[in-house]
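Residue-level structural notes
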Amino acid sequence: MDRAQCLEMIYPELEDKLVVTIMGACAQELYDLGHRENFFYLQHAMGLASSIGLGLAQHLPHERVVVLDGDGSVLMNLGTLATLARYPAPNLVHVVFDNGSLLSTGGFDTHTTSGVTDLAAIARGAGLEHVSAVGTPMEFGEAFIEAMERDALSVIVAKVRATGPDHYGMDLHLPENAFRFKRFIEERKRARRPDAVAPPSA
Amino acid sequence: MTVSYDNSKSIFEGIKAAGIRSISALPETWLGLLLQRAEDDPDVSLIQVAREEEAVGVAAGAWFAGEPHVLLMQNHGFLAAINGIVSLAQLYHVPLCMLIALRGHWGEPYPWHTRGGTVTEEVLRALSIPFEYARDPATVGRRIQEAWTLSQSSLYPVALLLTRDLMEG
């Protein structure tokens, strides 16, 4: 299956969640489905998307956080799986799109190509309780719905083809994305307070 | 020399006095007593990472969530975190308030720390990260507040180096 196909399937669920995605193809595919202020595109610092997700989930118990990660990124920060297991935020879903490739930096094989390294097994070994390994759109859809309904940290390792978009470009500067993502979260917090007053209409 | 119980307390109180209740850390000898206080304090959220670079991600998450946050690590951990500091924090203007235990510096008896001790300040300068030294428990609270304030106003990483004078005082 293709990552873009998976993203399209779950996009309606992502619309009101805090989403942190890795760089390159994954970021572009999400952006192309429709950018929202609650999406943060981590265009570098490979490995840290899940760490950002943990920081968000820990401090925003009323929000659901979805991390869209990749095998290359997770391999760069394998420790994250142990840290997530040690601090299993119940409002966090960690999706790892495993295409066996460092696609966005040249299409090189990663360690998961040809089944050498099994990220789902590493996740379980790290102590994560709810880990699904999926390979079809149906399996992915089901795993994602379960993860959304589960009040516990969930990891979904989805085997996808090494495909990507045929164009790259966002009408969004990197710091702009960071600032607007933070403002979005602030606004949501403010709206949630019992004494919240609606902002004056424009 | 052993790690100072009283000075670790002063540092922890300084963190709380600055309004910070969220910490990401990777323990090391000098930070042990300080982190124990953080673990035992129900008002403080502590995430201990497996590698210091993760703390940069956790700190960014706390920043986006609007939660004041401090990172605690040793200087070799800072070296391990450089890519995260540069291509997440600096790239996206995410402030980092880092308390960094300065090993391998004046008075260091252990040979393995010495190379890291030699390069820490140069690397901080190379990354244009403002840094100061915390030497005195009487003023460490103020140094932490100042580090915090500068990180917020500059939207940039700031480092407070926890020295041997303070940690083994």
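You'll find the structure just up there.
Here goes a summary of the coordinates provided. Quick caveat: nothing in here was measured; it's all calculated off a predicted structure.

Conventions and cut-offs
Residues numbered from 1 in each chain as written. Chains lettered and ligands numbered in written order. Predicted model: local features only at pLDDT ≥ 70, side-chain atom pairs only at ≥ 80, totals over all residues. Heavy atoms only, no water. Helix = DSSP H or I, 4+ residues; strand = E, 2+ residues; numbered from the N terminus. Rg over C-alpha atoms; globule rule 2.2 N^0.38 Å. Buried < 20%, exposed > 50% of the residue type's maximum accessible area, 1.4 Å probe, protein only. Salt bridge = Lys/Arg side-chain N within 4 Å of Asp/Glu carboxyl O. Polar contact = N/O pair within 3.5 Å; in protein donor to acceptor, adjacent residues only side chain to side chain. Contact = heavy atoms within 4.5 Å. Buried area = accessible area lost by both parts, 1.4 Å probe. Nonpolar A, V, L, I, M, F, W, Y, C, P; charged D, E, K, R; others polar. Pairing = 2+ DSSP bridges. Axes fitted to C-alpha atoms, helices over the stretch in contact; angles between N-to-C directions. Parallel < 35°, antiparallel > 145°, perpendicular 65-115°, else oblique. Left-handed = near helix turned anticlockwise from the far one by under 90°.

**As for the overall build of chain A**
Looking only at helices and strands, chain A features eight helices and eight strands. A globule of 202 residues ought to have a C-alpha radius of gyration of about 17 Å, and chain A, at 17 Å, matches this closely. Along the first, second and third principal axes, the C-alpha set of chain A runs to 55 × 40 × 30 Å. The proportion of buried residues among the 202 residues of chain A is 52%.

**Some remarks on the pattern of salt bridges**
This model, assessed by the stated rule, comprises 21 salt bridges over all chains. Between aspartate 2 of chain A and arginine 161 of chain A there is a salt bridge whose closest N-O contact spans 2.8 Å. With aspartate 2 of chain A in the segment before helix 1 (3-14) and arginine 161 of chain A in the loop between strand 8 (154-159) and helix 8 (174-192), the pair connects residues that are 159 residues apart, well separated along the chain. Residues joined by salt bridges that share partners form a network here, namely Glu28, Arg103, Glu108, Arg164 and Glu168 of chain B.

**What about the side chain of aspartate 41 of chain B?**
Of note, aspartate 41 of chain B is situated in the loop between helix 2 (32-40) and strand 2 (45-48). A distance of 2.8 Å separates a polar side-chain atom of aspartate 41 of chain B from the backbone nitrogen of aspartate 43 of chain B.

**A closer look at the interface of chain A and chain B**
Listed per partner, the contact involves 29 residues of chain A and 28 residues of chain B. Carbon and sulfur atoms supply 67% of the area buried between chain A and chain B, which totals about 2400 Å² over both sides. Looking at the side of chain A facing chain B, the largest losses of area belong to Leu48, His59 and Lys182 of chain A, adding up to 24% of the total buried there. Put simply, the parts of the chain that give the side of chain A that touches chain B at least two residues each are strand 2 (39-41), helix 3 (49-59), helix 5 (79-86) and helix 8 of chain A. Classifying every residue of the side of chain A that touches chain B by side-chain character gives 16 nonpolar, 10 polar and three charged.

**A short note on the sheet that holds strand 4 (residues 96-101) of chain B**
All names here are of chain B. Strand order in the open sheet made by the six strands is 2-1-3-4-6-5, with parallel pairing throughout. Only two strands of the sheet have a single neighbouring strand rather than two, namely strand 2 and strand 5 (131-134). Ignoring which end each strand starts from, the neighbouring axes of this sheet average 20 degrees apart. Examined bridge by bridge, strand 1 (residues 22-25) and strand 2 share four bridges and lie parallel to one another.

**A few points about the sheet that holds strand 1 (residues 18-21) of chain A**
All names here are of chain A. Taken in spatial order, the six strands line up as 2-1-3-4-8-7 in an open sheet, and their pairing is parallel. The sheet is open, and its two borders are formed by strand 2 and strand 7 (130-134), each paired with just one other strand. The sheet shows a mean angle of 15 degrees between the axes of neighbouring strands, taken without regard to direction. In this structure, strand 3 (residues 65-70) lies alongside strand 4 (residues 92-98), joined through six bridges in parallel fashion.

**A few points about the packing of helix 3 of chain A against helix 3 (residues 52-64) of chain B**
Between helix 3 of chain A and helix 3 of chain B, the shortest axis-to-axis distance is 6 Å and the interhelical angle comes to 40 degrees. Here helix 3 of chain A lies oblique to helix 3 of chain B, going by the angle between them. Relative to helix 3 of chain B, the crossing made by helix 3 of chain A is right-handed. The residues of helix 3 of chain B that touch helix 3 of chain A, namely those facing Ser51, Ile52, Leu54, Gly55, Leu56 and His59 of chain A, are Glu54, Gly57, Val58, Ala60, Gly61, Ala62 and Phe64 of chain B. Class assignment of the residues belonging to the contact of helix 3 of chain A with helix 3 of chain B gives a composition of seven nonpolar, five polar and one charged.

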